[in-house]
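Each chain is listed here by its residues.
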Protein chains: 2
Amino acid sequence: MTERPDNLPATSAEPLGSTAVAPAGAHEPAPTTPDTPVLQVREGLLEIPGELTLHHGGRLGAVRLAWRIAGPANAPVVATLGGISAHRRVYSTEAPQSGWWHDVAGPGLAFPVERLRVLSFDYLGGSGETTGPRGAAAFPSISSYDQADLLLRLLNHLGIKSLRAIIGASYGGMVALAFGERYPDRVAQLIVVSAADRTHPMSTAWRAVQRRMVRFAIDCGRPQEGLQLARALAMSTYRSPEEFSARFGGTPRAGEHGFVFPVEDYLMARGADYATRYQPDGFLCLSESIDLHRVDAGRIFVPVTAVAVREDQLVPVADMRAMVARLPHAKLQEISSLYGHDAFLKEAEALKPIFAKLSGARE
Amino acid sequence: MTERPDNLPATSAEPLGSTAVAPAGAHEPAPTTPDTPVLQVREGLLEIPGELTLHHGGRLGAVRLAWRIAGPANAPVVATLGGISAHRRVYSTEAPQSGWWHDVAGPGLAFPVERLRVLSFDYLGGSGETTGPRGAAAFPSISSYDQADLLLRLLNHLGIKSLRAIIGASYGGMVALAFGERYPDRVAQLIVVSAADRTHPMSTAWRAVQRRMVRFAIDCGRPQEGLQLARALAMSTYRSPEEFSARFGGTPRAGEHGFVFPVEDYLMARGADYATRYQPDGFLCLSESIDLHRVDAGRIFVPVTAVAVREDQLVPVADMRAMVARLPHAKLQEISSLYGHDAFLKEAEALKPIFAKLSGARE
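Residues numbered from 1 in each chain as written. Chains lettered and ligands numbered in written order. Predicted model: local features only at pLDDT ≥ 70, side-chain atom pairs only at ≥ 80, totals over all residues. Heavy atoms only, no water.

Colleague: Account for the overall build of chain A, naming residues and giving values.
Modeller: When you go through chain A residue by residue, the secondary structure sums to 10 helices and 13 strands. A separation of at least 24 residues holds for 73% of the contacts in chain A among residues at least 6 apart in sequence. Entry remark: accessible area of chain A is about 13,800 Å², with carbon and sulfur atoms responsible for 51%. (Helix = DSSP H or I, 4+ residues; strand = E, 2+ residues; numbered from the N terminus. Contact = heavy atoms within 4.5 Å. Areas by Shrake-Rupley, 256 points an atom, 1.4 Å probe, with all protein chains shown as cover.)

Colleague: Could you give an account of the packing of helix α1 (residues 144-158) of chain A against helix α2 (residues 171-182) of chain A, with specific residues and numbers?
Modeller: Residue and element names in this part refer to chain A. The geometry of α1 relative to α2 is characterised by a closest axis approach of 8 Å and an angle of 70° between their N-to-C directions. Between α1 and α2, the angle is such that the two are roughly perpendicular. At the point where α1 passes α2, the crossing takes the right-handed sense. Residue-level inspection shows S144, Y145, Q147, A148, D149, L151, L152 and L155 of α1 in contact with α2, the latter providing Y171, M174, V175, A178, F179, E181 and R182. Partitioned by chemical class, the residues of the contact of α1 with α2 number 10 nonpolar, 2 polar and 3 charged. (Axes fitted to C-alpha atoms, helices over the stretch in contact; angles between N-to-C directions. Parallel < 35°, antiparallel > 145°, perpendicular 65-115°, else oblique. Left-handed = near helix turned anticlockwise from the far one by under 90°. Nonpolar A, V, L, I, M, F, W, Y, C, P; charged D, E, K, R; others polar.)

Colleague: Outline the side chain of E311(B), supporting the account with residue identities and numerical values.
Modeller: Residue and element names in this part refer to chain B. Inspection of the secondary structure puts E311 in the loop between β12 (304-309) and α8 (317-326). With no salt bridge to any partner, buried E311 finds its closest opposite charge in R310, at an N-O distance of 5.8 Å. Of the polar contacts made by the side chain of E311, one reaches the side chain of S336; its length is 3.3 Å. (Buried < 20%, exposed > 50% of the residue type's maximum accessible area, 1.4 Å probe, protein only. Lys, Arg positive; Asp, Glu negative; His and termini not counted. Salt bridge = Lys/Arg side-chain N within 4 Å of Asp/Glu carboxyl O. Polar contact = N/O pair within 3.5 Å; in protein donor to acceptor, adjacent residues only side chain to side chain.)

Colleague: Now, about the relation of the copies chain B and chain A: what can you tell me, with residues and values included?
Modeller: If you rotate chain B by 180° and push it 0.0 Å along the axis, it lands on chain A with an RMSD of 0.0 Å. Taken together, the turn and the small shift mark the pair as related by a two-fold rotation axis. Closest to the rotation axis within chain B is the C-alpha of C220(B), separated from it by 3.2 Å. A shared binding surface is used by both copies, with 100% of the interface residues of chain B retained as interface residues in chain A. (Least-squares fit on C-alpha atoms with pLDDT ≥ 70 in both.)

Colleague: Explain the interface of chain B and chain A residue by residue, including any values.
Modeller: Counting residues at the interface gives 47 residues for chain B, matched by 47 residues for chain A. Taken together, both faces of the contact between chain B and chain A bury some 4,000 Å²; the carbon and sulfur share is 71%. Applying the counting criterion to the chain B and chain A interface returns 4 salt bridges. Between E264(A) and R212(B) there is a salt bridge, with its nearest N and O atoms 2.7 Å apart. Inspection of the chain B/chain A interface yields 12 residue pairs in polar contact (both at pLDDT 80 or more). Going through the elements one at a time, α3 (201-219), α4 (223-238), α5 (241-247), β11 (259-260), α6 (262-277) and α7 (280-292) of chain B are the ones with two or more residues in the side of chain B that touches chain A. Residues that form the side of chain B that touches chain A fall into these classes: 24 nonpolar, 12 polar and 11 charged. (Buried area = accessible area lost by both parts, 1.4 Å probe.)

Colleague: Describe in detail the confidence of the model for chain A, supporting the description with residues and values.
Modeller: All names here are of chain A. For chain A, per-residue confidence averages 90 on the pLDDT scale, and residues scoring 70 or more make up 89% of the total. Note on residues 1-32: pLDDT under 50 across the span, and 73 contacts to partners over four residues away in sequence or across chains. The ipTM assigned to the predicted complex is 0.89, against a pTM of 0.90. (pLDDT = per-residue confidence, 0-100.)

Colleague: Explain α3(B) to me, using residue names and the numbers behind them.
Modeller: All names here are of chain B. In this model, α3 (19 residues) spans 26 Å end to end at C-alpha, consistent with the 27 Å of a helix rising 1.5 Å per residue. Within α3, 16 of the 19 residues are buried, which leaves the element mostly enclosed by the surrounding structure. At the exit of α3 stands G221, carrying a positive phi of roughly 80°. (Expected span 1.5 Å × (residues − 1).)

Colleague: So what's going on with the pattern of salt bridges? Residues and values would help.
Modeller: Tallied over the full model, the rule gives 42 salt bridges over all chains. With a closest N to O distance of 3.9 Å, K346(B) and D103(B) form a salt bridge. You can see K346(B) sitting in helix α9 (residues 343-346) and its partner D103(B) sitting in the loop between β6 (77-81) and β7 (117-121), a full 243 residues away along the chain. Using a relative accessible area of 36% as the deciding quantity, one classes D103(B) as partly exposed. A salt bridge links R211(B) to D291(B), with the shortest nitrogen-to-oxygen separation between them at 2.7 Å. Taken together, the residues span a long stretch of sequence, with R211(B) in helix α3 and D291(B) in helix α7 at a distance of 80 residues. With a relative accessible area of 0%, R211(B) lands in the buried category. Where salt bridges share partners, they join E43(A), R68(A), R88(A) and D122(A) into one cluster.

Colleague: Describe helix α2 (residues 171-182) of chain B, naming the residues involved and giving the relevant values.
Modeller: Residue and element names in this part refer to chain B. Helix length check: α2 (12 residues) gives 17 Å between terminal C-alpha atoms against 16 Å at 1.5 Å per residue, within 8%. Among the 12 residues of α2, 11 are classified as buried, and the element is accordingly described as predominantly covered. Those residues of α2 not exposed but buried are Y171, G172, G173, M174, V175, A176, L177, A178, F179, G180 and E181. Contact partners of the buried residues in α2: β6, α1 (144-158), β8 (165-169), β9 (190-193), α7 and α8.

Colleague: Describe unusual backbone geometry, with residues and values.
Modeller: Residues and elements named next belong to chain A. Phi at A62 takes a positive value of approximately 55°, unusual for a residue other than glycine. When you line up the elements, A62 lands in the loop between β4 (59-61) and β5 (64-71). We classify A62 as exposed; its relative accessible area is 60%. Of note, N74 is a non-glycine position whose phi angle comes to about 70°, a positive value. By relative accessible area, which is 66% here, N74 ends up exposed.

Colleague: Would you mind going over the packing of aromatic side chains in detail, with residue names and values included?
Modeller: Residues and elements named next belong to chain A. On inspection of all chains with the given rule, the structure shows 26 aromatic pairs over all chains. With centroids separated by 6.1 Å and ring planes inclined at 85°, the aromatic side chains of F244 and Y266 adopt a geometry described as edge-to-face. With F244 in helix α5 (residues 241-247) and Y266 in helix α6 (residues 262-277), the pair connects residues that are 22 residues apart, well separated along the chain. Just as F244 is buried, Y266 falls in that class too. (Phe/Tyr/Trp six-rings, centres within 6.5 Å; stacked < 30°, edge-to-face > 60°.)

Below is the structure:
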């Protein structure tokens, strides 16, 4: 496996090019021993020449893809893809909280960053540095196949012949499945958490209402408030009734309009935070992309480890079982988690054995 | 059991006072035999003197309560209370579709309207003829205890010493429990479908988002659109993932903004219909009242038959079991239904045996 140097301009806060980051942080570099290898972090913007023809028929020109790879030089590469709010920064040793997988991936955590290189990118159509609808009058519908195509271009650009695995959760799991169907020779296995071969109509119902809310708010000239409400609703679907029951059984407080309930304060605070960090039109695009997702499980010949969460309201365990029955080479692991659909962000211990196999000396 | 004539002004489309309605309809009166007794329908507006002090501390003056009673003269009276969208017209032989329980109650249907008198009323704070927030600058928070108090006043007004039962589903079940706790000598038993002694925080989450949506839309000067969106979301919580999976697995259509999904068309159509028939502020008041509901199950000494629906997303079967464990005299019946929380509107066959016991010649 080789890598070409990356000469594209930097667009993120982190410096472009090869940066040695010690596990203990930039200010106090830890000694580099075999046990604490230097983590290389590289970021870049891949400019894609010409025009892309998208899965649902739209076209996009001048697409730029923001990517990041972090890990020990020459370690096997694992593409790691999260939900529609995730981005290229999977983990960071310099600013741990800036990584979307900070509870799971990092030095000493469940995901062995010391033995694998983690590749990721900002999704097409989202709120990150990759091309998205921001400011555009119209933007085409994006498929999980389109994201898979961009990942292929990224592998070609970086000279990565084959990925050790794609770990995809939620929307990332859909992209992993799309990639596995199209490019089986470029990935050895898929680990798919809380994502199926098609979207459940009940979860489409909840997302469709979210999109309607955002569009209504845009139409009223108050887009961020619509995004706040949509995210508040989304948060309730990401977690389990059991968690909410344990956390939010308290009494309501008097508010400006009648009573405000503990769970309401929580959801609105999460929504407000989200609305400061994401774009309404990027949210609309990727939310729709989830609902458009449909792959042919019978044609995915890459081995798949599917992880289903029994408390997941968005991806029912029955849908995961049905997909695994259709996949030619798959095994299913069912776990229980108070965090429901968000389990992949939280359940480090349950996921750890799966990651341990990835970094074994098989290659 | 006696009844006084009602001399209050009519407010509904149906004529006030005693009206003989033949089961087969007004235009073709069926012969009155012992098997097809004449159904008496009476409606009225009860004007409550003075000021009401409400459970949550607010006050309301000049309250008017719109009520309806239908059934054979001198038959036992059953108060029948539905969800926050229900109203005093439980069933109608003249215009069957105008009754909110039209799939369950009516001549020849599961609920034996030939042998019981059905009493109901428009909820305080809703969109019906009973006093509500319509047009008011502010309206107090309403408790299920307040509805129970109004039912007591109605019984006194009509000279009904004791109800054979209260059948309450969803919000109506909460009102039944509140009544049972406060006025055990005025009702022989409660039949409570899909309602517990307290509200689950996950269902509060979904309703809180609905209320925020409506208030946002009011603030934008487009209240009916907010109500449409809120109802669209509510509808998804009333049904089960299994039903949506069976009905809405089809492909999306191209719309003005990207794709529109089958379940989205359904929800928006239901929401649009709702928004033409209900008031945003009435919705806000009763939606909040659900979330404020909390009764002391240990102090409800009236016998309770609780009916729980395993697929109910709003009232988990675990909450119904926990309530039944706290109730001094209760039995639990669990049913399965594709209709989830809406099962009480649809599952006539499952409910029929419970109703049959009610109309037995025990009294």
